[in-house]
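Geometric and topological summary
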Amino acid sequence: MSRVLALRDALKEAMIEEMRLDERVFLMGEEVAQYNGAYKVSKGMLDEFGEKRVIDTPITELGFAGIGVGAAMNGLRPIVEFMTWNFAILAFDQIVNNAAKTLSQSAGEFKCPIVFRGPSGAAGQLAQQHSQTFESWMANTPGLKVISCIDPGDAKGLLKSAIRDENPVCVMESEIMYGFQGEVPDGEYLVPIGKAAIRREGSDVTIVSYNKMVEEAKKAAEELEKEGISAEVIDLRTIRPMDHATIIASVQKTNRLVVVDEAWPFAGVSAEVAYIVQKHAFDYLDAPVIRVNSADVSLGYAPTFVDEYLPNPTKIIKAVKEVMYVNK
Amino acid sequence: MATTTKNSTESKKNSSTTEFSPKTYMEWYEMMLLIRRFEERTLMEYGRQNIRGFCHVYIGQEAIAAGLISALRPEDPVVTGYRQHGIAIAKGLHPNACMAELWGKKTGAVKGKGGSMHFFSNEHRYFGGNGIVGAQIPIGTGIGFAEKYKGTDNLAVCMFGDGAARQGALYESLNMAQTWKLPVLYICENNHYAMGTSVERTSSLTDIYRVGETFDIPSEAVDGMDPGAVHNAMARAAEYIRAGNGPYFLEINTYRYKGHSVSDPARYRTKEELKEYMAKDPVKLLEKKIIEQEIATEEQVKAIKDKIKATIEEAVTFAQESPYPEPHELYDDNYVEDDYPFLT
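Not measured: the values here are computed from a predicted model.

So, the overall build of chain A
Scanning chain A from terminus to terminus reveals 13 helices and 14 strands. On C-alpha atoms alone, chain A measures out to a radius of gyration of 20 Å, which is about the 20 Å that the 2.2 N^0.38 rule sets for 328 residues. Along the first, second and third principal axes, the C-alpha set of chain A runs to 60 × 45 × 45 Å. Per-residue burial over chain A gives 63% buried out of 328 residues. When the accessible surface of chain A is totalled, it reaches about 12200 Å², and 52% of it is carbon and sulfur. In chain A, 34 side chains carry a positive charge and 46 a negative one; their mean positions are 2 Å apart.

Structural notes on the confidence of the model for chain B
Residues and elements named next belong to chain B. For chain B, mean pLDDT is 93; residues scoring 70 or higher make up 95% of the total. Every residue in residues 1-15 scores below 50 in pLDDT, and together they form 21 contacts with partners more than four places removed in sequence or on other chains. This prediction of the complex comes with two scores: 0.93 for pTM and 0.91 for ipTM.

Remarks on the interface of chain A and chain B
On the chain B side, the residues contacting the 38 residues of chain A number 42 residues. At the boundary of chain A with chain B, total buried surface from both sides reaches about 3200 Å², with 63% on carbon and sulfur atoms. Among the residues of chain A in contact with chain B, Ile59, Tyr301 and Phe305 of chain A are the three that bury the most area, contributing 22% of the side total. Along the contact surface separating chain A from chain B lie 1 salt bridge. The salt bridge involving arginine 201 of chain B is made with aspartate 56 of chain A; its shortest N-O contact spans 2.3 Å. Counting across the interface, chain A meets chain B through 20 residue pairs in polar contact (both at pLDDT 80 or more). Contributing elements (two or more residues each) for the side of chain A that touches chain B: α4 (85-88) and α12 (303-309) of chain A. At 5 residues, α12 of chain A tops the list of elements feeding residues into the side of chain A that touches chain B.

A word on the environment of valine 133 of chain B
Relative to the helices and strands, valine 133 of chain B resides in the loop between β2 (126-129) and α6 (136-150). It is 24 Å that separates the C-alpha atoms of valine 133 of chain B and threonine 179 of chain B, two residues lying 46 residues apart in sequence. Setting aside residues up to four positions removed in sequence, valine 133 of chain B forms contacts with Ile59 of chain A together with Tyr82, Gly163, Ala164 and Gln167 of chain B.

A word on the packing of helix α2 (residues 22-47) of chain B against helix α5 (residues 95-102) of chain B
Residues and elements named next belong to chain B. At a minimum axis distance of 12 Å, the contact between α2 and α5 shows a crossing angle of 20 degrees. What the angle tells us is that α2 and α5 run roughly parallel. Regarding α2 and α5, the two cross each other, and that crossing is right-handed. Residues Leu34, Phe38, Arg41 and Thr42 of α2 lie in contact with α5, whose contacting residues are Pro95, Cys98, Met99 and Leu102. Broken down by class, the residue content of the contact of α2 with α5 amounts to 6 nonpolar, 1 polar and 1 charged.

A short note on the pairing of strand β2 (residues 25-29) of chain A
Every regular strand shows the same layout, with side chains that alternate between the two sheet faces. Residues and elements named next belong to chain A. Among the 5 residues that make up β2, 5 are buried, leaving the element largely enclosed by the rest of the structure. Neither face of β2 is open: one carries Val25, Leu27 and Gly29, the other Phe26 and Met28, and all of them are buried. Pairing between β2 and strand β3 (residues 54-56): 3 bridges, direction parallel. By the bridge assignment for β3, leucine 27 is matched with valine 54.

Regarding the sheet that holds β3 of chain A
Residue and element names in this part refer to chain A. Spatial ordering of the open sheet is given by β3-β2-β4-β5-β7-β6-β12, a layout of 7 strands whose pairing is mixed. Two strands in the sheet have a free side with no partner beyond their single neighbour: β3 and β12 (238-240). Going across the sheet, the axis of each strand differs from the next one's by a mean of 20 degrees, ignoring polarity.

Looking at a nonpolar patch on the surface
Residue and element names in this part refer to chain B. A cluster of nonpolar residues, Phe145, Tyr149, Met176 and Trp180, forms a patch on the protein surface that exposes about 480 Å² of accessible area. Note that tyrosine 149 resides in helix α6. Judged by relative accessible area, which is 70%, tyrosine 149 ranks as exposed.

Notes on α2 of chain B
End to end, α2 of chain B covers 37 Å across 26 residues, agreeing with the expected 38 Å (1.5 Å per residue, within 8%). At the exit of α2 of chain B stands glutamine 49 of chain B, carrying a positive phi of roughly 65 degrees.

Quick look at the nonpolar core
All names here are of chain B. Formed by 64 residues in total, the largest nonpolar core has its most connected members in Leu72, Met99, Met159, Leu185, Met234 and Ile290. Broken down by element, the residue count for this core peaks at 10 residues, all from α2. If near-sequence neighbours (up to four positions away) are discounted, isoleucine 290 is found in contact with Tyr25, Met26, Tyr29, Ile295, Ala296 and Val301.

Some words on unusual backbone geometry
All names here are of chain A. Residues arginine 240 and proline 241 are joined by a peptide bond in cis, for which omega reads 0 degrees. Inspection of the secondary structure assignment puts proline 241 in the loop between β12 and α10 (244-254). Residue asparagine 36 is not a glycine yet carries a positive backbone phi of 70 degrees. Assignment of secondary structure puts asparagine 36 in the loop between β2 and α2 (45-49). Classification of asparagine 36 as partly exposed rests on a relative accessible area of 22%. In the Ramachandran plot, asparagine 255 falls in the positive-phi region, its phi being about 70 degrees despite a non-glycine side chain. Following the sequence through the fold, asparagine 255 ends up in the loop between α10 and β13 (257-261).

A short note on the domain arrangement of chain A
Residue and element names in this part refer to chain A. Segmenting chain A into domains produces domain 1 (2-185) and domain 2 (197-323). Here the C-alpha centroids of domain 1 and domain 2 sit 26 Å apart. Listed as interface residues are 31 residues of domain 1 and, on the opposing side, 27 residues of domain 2. Carbon and sulfur atoms supply 57% of the area buried between domain 1 and domain 2, which totals about 2200 Å² over both sides. Looking only at domain 1, the three residues that lose the most surface to domain 2 are Gln125, Thr133 and Ser148, adding up to 23% of its buried area. At the boundary of domain 1 and domain 2, one finds 2 salt bridges. Its salt-bridge partner being arginine 237, residue aspartate 154 comes within 2.9 Å of it at the nearest N-O pair. Connecting domain 1 to domain 2 are 12 residue pairs in polar contact (both at pLDDT 80 or more). Among the secondary structure elements, those contributing two or more residues to the side of domain 1 that touches domain 2 are α7 (135-139), β6 (145-148), α8 (152-164) and β7 (169-173). In terms of residues, the side of domain 1 that touches domain 2 owes the most to one element, β6, which gives 4 residues. Residue composition of the side of domain 1 that touches domain 2, grouped by class: 14 nonpolar, 12 polar and 5 charged.

How each quantity is defined
- Position labels on residues start from 1 in each chain and follow its written sequence.
- All chains are assigned letters beginning at A, and all ligands numbers beginning at 1, according to the order in which they are written.
- Local features in this predicted model are restricted to residues of pLDDT 70 or higher, and side-chain atom pairs are both shown and tallied only at a pLDDT of 80 or more, whereas totals for entire chains, interfaces and linings draw on every residue.
- Derived side-chain values reflect all non-hydrogen atoms in the structure, with water molecules and hydrogen atoms excluded from consideration.
- Helix and strand definitions here come from DSSP, where helices need a minimum of 4 consecutive H or I residues and strands a minimum of 2 consecutive E residues; each element is numbered from the N-terminal end.
- Each radius of gyration reported is based on C-alpha atoms, and the globular scaling rule is 2.2 Å times the count of residues to the power 0.38.
- Only protein chains enter the accessibility calculation, which uses a 1.4 Å probe; a residue is then buried when its area is under 20% of its type maximum, exposed when over 50%, and partly exposed in between.
- Note on areas: Shrake-Rupley, 1.4 Å probe, and residue coverage restricted to the protein chains presented here.
- Only four residue types enter the charge count, namely Lys and Arg as positive and Asp and Glu as negative; His and the chain termini do not.
- The location of each charge is read from NZ of Lys, CZ of Arg, CG of Asp or CD of Glu.
- Per-residue confidence from the predictor is given as pLDDT, running between 0 and 100.
- We call two residues in contact when some of their heavy atoms are within 4.5 Å.
- The quantity reported as buried area is the accessible area (1.4 Å probe) lost by two parts once they are put together, taken as the sum for both.
- Within this document, salt bridges are pairs made up of a side-chain nitrogen of Lys or Arg and a carboxyl oxygen of Asp or Glu, the two lying within 4 Å of each other.
- Identification of polar contacts relies on pairs of N or O atoms within 3.5 Å, with a donor-acceptor requirement for protein atoms, meaning one able to donate a hydrogen and the other able to accept it, and with residues adjacent in sequence counted only if both atoms are side-chain atoms.
- Orientation is described by axes fitted as lines to C-alpha atoms, over the contacting stretch for helices, and by angles from 0 to 180 degrees between their N-to-C directions.
- Put simply, angles under 35 degrees are roughly parallel, angles over 145 are roughly antiparallel, angles from 65 to 115 are roughly perpendicular, and the rest are oblique.
- By convention, the crossing between two helices is left-handed when the near helix turns anticlockwise from the far helix through less than a right angle, and right-handed when the turn is clockwise.
- Three classes are used, and their members are as follows: Ala, Val, Leu, Ile, Met, Phe, Trp, Tyr, Cys and Pro are nonpolar, Asp, Glu, Lys and Arg are charged, and the others, Gly among them, are polar.
- Pairing between two strands is assigned when DSSP locates at least 2 bridges connecting them.
- Exposure above 30% relative accessible area and no salt bridge define the residues that can form patches, which grow by joining like charges within 9 Å and nonpolar side chains of Val, Leu, Ile, Met, Phe, Trp and Tyr within 5 Å.
- Each residue after the first adds 1.5 Å to the expected span of a helix.
- Throughout, nonpolar core names a set of buried Ala, Val, Leu, Ile, Met, Phe, Trp, Tyr and Cys residues whose side chains join them through atoms within 4.5 Å.
- The source of the domain bounds is an automatic or database domain assignment.

Below you can see the structure in the form of structure tokens.
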């Protein structure tokens, strides 16, 4: 059995269930308690768990991320919420220099089981500083795991896995998808970190994507179907470790690949997927891999810029036709 | 309370002790009312979806902008956070350019690139609205560093809110500014709420000016609802800084009548509290003073109101009739070179 839940409520369920199970888990961040979360992901959690376990911080990202790291090293299991990953940049020192490296530099003496979560990606006309994606920034760092998924049911299971994971895990959500609804299974379940999902089966071309761009890829696939092109859509769900097997198996079937990635193109997730495929499925490829990214610039405020900047079904369809050598 | 009575002696007692020239009062009034009306219209246009994204208005905090125009020089650079429309206007940015920017139009202050949080103007020495809480504090310190380096007697005005006062960057900046005697005027606009979180809930030190004292920087708490008090504090600070003594810290106590941003219903504060501050409305009190003390006639005040109304209408018409930037302009100004090889 399942229910239809919005992404924000699915994420909240994951946190609530894990906090009921494990006294060591707590939530900390800006406006998570009394305000019920800047995007209402933690609505009602203060009422259930009290001020000891649902903690409002001052606007001090570096400070409270570091407090999370110290608490994790000393036996707790913090969930640190950033109002957006754009603000988490202030905390990268603690995430990258400490959370990611605690196990290595202490030679296993200390673990850092912590979840850093918040929205990543563009969310309308928010201009340069509030529109960035961070999956590839974090996934570049050994020691961190990175999850990025907006399907409510999967996001819940993945967040529960992240909270139980013994490593630091960065969870990328989406401001404009918090209201996005999907089936969420009843009862206790986990979704494993490191496994992609095939959202739509197809035989002519593989489209690999993650986070909200999966929805754009699905829309493109529906349009392509009308033109007789069968596209398989893969949702990475986890960025690091990346599920190579699912991608390779699909490309071995379809022989063509388009990667749709909201991040900038340079040295990003799309580049990584393209590398993996040429390494392990070179002989299966019938066309060069093409990627559809956001424009290689800072996103300005005007609506005309947002349309130009982001991947969309039109751009994806164009890329698919290019790898299919279809002229139109 | 006294300020709401007709008793002029009482009113006088509650205003700043120094008296100013009629010209100064009228300049303050015109600037403050312009900002108030600009922001009211901004909210209206946001409701009509002509303005999008995050949008934080300055309503209630206008007396601080008034002090900026009378106590400081136009050459003094200013940097602030994202609650910035009023400060940009006080620095001389044209309401047309500001309104067009809010609409995301090509004729905006930054050609539709920045929106509500990011106006800039080199001509007006306005170094921007910064969208990351507290990021402008070290930047303002660096702007002051450059003024000293170049040997000017300008001072950098570095403005931030009570929320930003908790960021480590403030403490790092104050330490360097004082150690290196940088010409920086730090202004904490304390409107008492960092989004939904009150000062009391985020700090063991609720008198923010005492942060400045920690670094032996002269520091004051100022009544931010009174332009005269704001002016006097800024003028004292400016004299001290221009004499080469180093930085100065002002905590200007104010209040935002609206939510943190347009999407914030502000349920975290009481109606009584809002009412208490509404009674101290800097724009209304100044208008009352101007009439009661016969600084200007009611007709003169009405003429100013009419003029501002026309200015706002003109700004909206300008914004409405201006074109959006062309999509390809997204690629402009990412690099200085015109032929930069962007990835596709």
